[in-house]
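Now for the letters of each chain:
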Amino acid sequence: MNISFSDAHEAFREEVQAFLNASLTDELRTAQRFCPGMFLDYEHNIRWHKILFEKGWIAPSWPKQYGGTGWDLTQKYIWSTETTLAGAPSLAPMGLGMCGPMLIGFGSEEQQQTYLPRILSGEDYWCQGYSEPGSGSDLASLKLRAESDGEHFRLNGSKIWTTHAHFANRMFCLVRTSNSGKPQEGITFLLLDMNTPGITVEPILFASGTHEVNQVFFEDARIPKTNVVGQVHQGWTVAKYLLEFERGGGGSAAHQTALTRIRQLANQQREGGQTLLDDADFKRKLDAADVQLQGIQYTEFRIMAALSKGQKPGPESSIMKNFGADIGQRLTELAIEAMGFYIAPDQPQARAAGQNVPAIGTADGVAVFPRYFNLRASSIAGGTNEVQKNIVAKLVLGL
Ligand SMILES: Cc1cc2nc3c(=O)[nH]c(=O)nc-3n(C[C@H](O)[C@H](O)[C@H](O)COP(=O)(O)OP(=O)(O)OC[C@H]3O[C@@H](n4cnc5c(N)ncnc54)[C@H](O)[C@@H]3O)c2cc1C
């Protein structure tokens, strides 16, 4: 298999690298490097978003007529790899990666014209209201009531685990508009303004102390019926379509960067002049992670090749979702081991971008412990590993 890139693609890589060198500030790089969680904070996220918007490179995966870059698949791959290697902030996926593609597929012309430009510019920041207390894997059992009230729906109930709802001014969500028939048949897909009276957001803190997710409460919140995407009671089709964009993506470049940092952490001398890299057992674990990562990278190449021939990733994206979650967690475990006793001090001030508080131990270590805790969630968020395995068993292996 020849996986080298053409001269034109290598020229594109140089153009991307030059742009990243010119526009990535130290503060943006630091914010990403010491990001303790699964999602970067809003402030740095949106600052990078606006730089990319001005350059016209904010939505590589969107069709060109809606504001995409018109890049081919290899260019997109080069872009995502180079931005990761350069330490660029990772952008929140809820607007660009989920709501936008969903609206392109299912939104009315008016909805597309209203919301797509605001996603591109960063004016709107979205959150995803799918899960509820008691309805996660079994999403179709959701209960948030939306009762007809003239030209509006009146919403009562709650959403939970809502990432960045405390920053978002918009939510796309699933509501129950009917209890008859199969549970999937009474669900409606709704867009809403988070500043609507009757909506409140309560924080849920992670074990590491970071605030990324929330519970959102609805008490007689009135949402215009014009905000329905698709047809009333038929939101399940829209919801499933959106999930295809949420899952997938092994993100091998990000994991490769994490592996390199672990090697650096493990290469520091300890008492007696030895390093952890001299330890055969630790080295074996690192090499095993490296092999697993190469497997992910080649699977990414295979998926790219299939997409370039017009095929869809389909349920195979569930395989990548699991691989990505597994290796991410494995790497945080190895990072903990590499840190040794320096893992003990909690140093939130030393990880804040723009600070001058010196780190206890190595600077790269200050985000290791919270990241270890926070990445436990990656095998749950976006659909649990077990549920992805069920999808693979049924739809990929035909069991
Ligand atoms: C960090 C984080 C961010 C999130 N962000 C959002 C968000 O922004 N918006 C949103 O809507 N949701 C969000 N979620 C919610 C997430 O989608 C759900 O947590 C997830 O779908 C699992 O649902 P649950 O928590 O109700 O667990 P449950 O569905 O109750 O699962 C509990 C356990 O049972 C297992 N299980 C359940 N069903 C099966 C089955 N059929 N076969 C085998 N095993 C099964 C699961 O694998 C799991 O181990 C987020 C979650 C996390 C952790």
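Fair warning: this is a prediction, and the values are worked out from it, not measured in the lab.

**Examining the site of the ligand**
Then step 1. Near the ligand you find 21 residues, and of these Tyr 130, Gly 136, Ser 137, Thr 384 and Glu 386 are the closest.
Then step 2. Broken down by secondary-structure element, the contributors of at least two residues to the shell around the ligand are β1 (126-129) and α13 (385-396).

**Quick look at the pairing of strand β6 (residues 199-205)**
Then step 1. As judged from the 7 bridges shared by β6 and strand β7 (residues 211-224), these two strands associate in the antiparallel manner. The residue of β7 that forms the bridge with Ile 204 is Val 213.

**A closer look at the environment of Thr 257**
Then step 1. Here Thr 257 is to be found in helix α8 (residues 252-266).
Then step 2. Taking the C-alpha atoms as reference points, Thr 257 and Thr 84, separated by 173 residues in sequence, lie 7.9 Å from one another.
Then step 3. Sequence-distant contacts of Thr 257, that is, excluding residues within four places in its chain, are made with Thr 84 and Leu 85.

**A few points about the nonpolar core**
Then step 1. In terms of nonpolar packing, the biggest core is built from 81 residues, with Leu 190, Ile 262 and Ala 335 touching the most fellow members.
Then step 2. With 9 residues, helix α10 (residues 317-339) is the single largest residue contributor to this core.
Then step 3. If we skip the residues at most four places from it in the chain, Leu 190 touches Ala 146, Cys 173, Val 175, Ile 223, Asn 227 and Val 228.

**Things to note about the domain arrangement of the protein**
Then step 1. By domain assignment, the protein separates into domain 1 (7-91), domain 2 (126-242) and domain 3 (247-396).
Then step 2. Grouping the constituent residues of the side of domain 2 that touches domain 3 by class yields 2 nonpolar, 3 polar and no charged.

**Here we look at the packing of α10 against α13**
Relative placement of two packed helices is described by the angle separating their axes and the distance separating the axes.
Then step 1. The contact between α10 and α13 brings their axes to 9 Å, and the two run at 150 degrees. Classed by the angle they form, the pair α10 and α13 counts as roughly antiparallel. Judged by the twist between their axes, the crossing of α10 over α13 is left-handed. Note on element contacts: α13 touches α10 through Asn 385, Gln 388, Lys 389, Ile 391 and Val 392, opposite Ser 318, Ile 319, Lys 321, Asn 322 and Ala 325.
Then step 2. Taken together, the residues of the contact of α10 with α13 break down into 4 nonpolar, 4 polar and 2 charged.

Conventions used here
- Residues numbered from 1 in each chain as written.
- Predicted model: local features only at pLDDT ≥ 70, side-chain atom pairs only at ≥ 80, totals over all residues.
- Near = placed C-beta within 6 Å.
- Helix = DSSP H or I, 4+ residues; strand = E, 2+ residues; numbered from the N terminus.
- Pairing = 2+ DSSP bridges.
- Contact = placed C-beta atoms within 7 Å.
- Core = buried A, V, L, I, M, F, W, Y, C linked by C-beta atoms within 7 Å.
- Buried ≥ 20, exposed ≤ 12 C-beta atoms within 10 Å, placed from the backbone.
- Domains from an automatic or database assignment.
- Nonpolar A, V, L, I, M, F, W, Y, C, P; charged D, E, K, R; others polar.
- Axes fitted to C-alpha atoms, helices over the stretch in contact; angles between N-to-C directions.
- Parallel < 35°, antiparallel > 145°, perpendicular 65-115°, else oblique.
- Left-handed = near helix turned anticlockwise from the far one by under 90°.

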